[in-house]
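Structural overview
Listed here are the chains, written in short residue letters.
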Amino acid sequence: MGDSVLREIVPRINELAQKAKKEGLTEVEKVERAELRKKYVSRFRDNFKKQIEMIKVYDKDGKEVTSKKVKQIQRHKGLRDD
């Protein structure tokens, strides 16, 4: 994973998951786990969105069929000049 925040929180999420299976979590740990999961999902979505915004899609004939919305985003970010 290239995201340093994800590299930090994933091990802790895994630790809490193991502890939850073995002995259960305290209320404080449950709150921490929920916050970490929320942060993880948010970062994952942001990273995924950035990847999608960089994609150009072509059909089997070589014609670009990238959606209009993605093209607009790419133009706005200076990634397209058409």
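All of the points below concern the structure found in this document. (Residues numbered from 1 in each chain as written. Predicted model: local features only at pLDDT ≥ 70, side-chain atom pairs only at ≥ 80, totals over all residues. Heavy atoms only, no water.)

**Observations concerning the side chain of Lys 71**
Tracing the backbone through its elements, the reader meets Lys 71 in helix H3 (residues 68–76). Within the buried set, Lys 71 has no salt-bridge partner at all; the shortest N-O distance to an opposite charge, 4.8 Å, is to Glu 64. (Helix = DSSP H or I, 4+ residues; strand = E, 2+ residues; numbered from the N terminus. Buried < 20%, exposed > 50% of the residue type's maximum accessible area, 1.4 Å probe, protein only. Lys, Arg positive; Asp, Glu negative; His and termini not counted. Salt bridge = Lys/Arg side-chain N within 4 Å of Asp/Glu carboxyl O.)

**A short note on the packing of helix H1 (residues 4–22) against helix H2 (residues 27–53)**
Across the interface, H1 lies against H2 with an axial gap of 10 Å and an inter-helix angle of 140°. As judged from the angle between their axes, H1 and H2 are oblique. Here H1 and H2 pass one another in a crossing that is left-handed. Touching Val 5, Leu 6, Ile 9, Val 10, Arg 12, Ile 13, Leu 16, Lys 19 and Ala 20 of H1 are Glu 29, Glu 32, Arg 33, Leu 36, Arg 37, Lys 39, Tyr 40, Arg 43 and Asn 47, all from H2. Of the residues assigned to the contact of H1 with H2, the class counts are 9 nonpolar, 1 polar and 8 charged. (Axes fitted to C-alpha atoms, helices over the stretch in contact; angles between N-to-C directions. Parallel < 35°, antiparallel > 145°, perpendicular 65-115°, else oblique. Left-handed = near helix turned anticlockwise from the far one by under 90°. Contact = heavy atoms within 4.5 Å. Nonpolar A, V, L, I, M, F, W, Y, C, P; charged D, E, K, R; others polar.)

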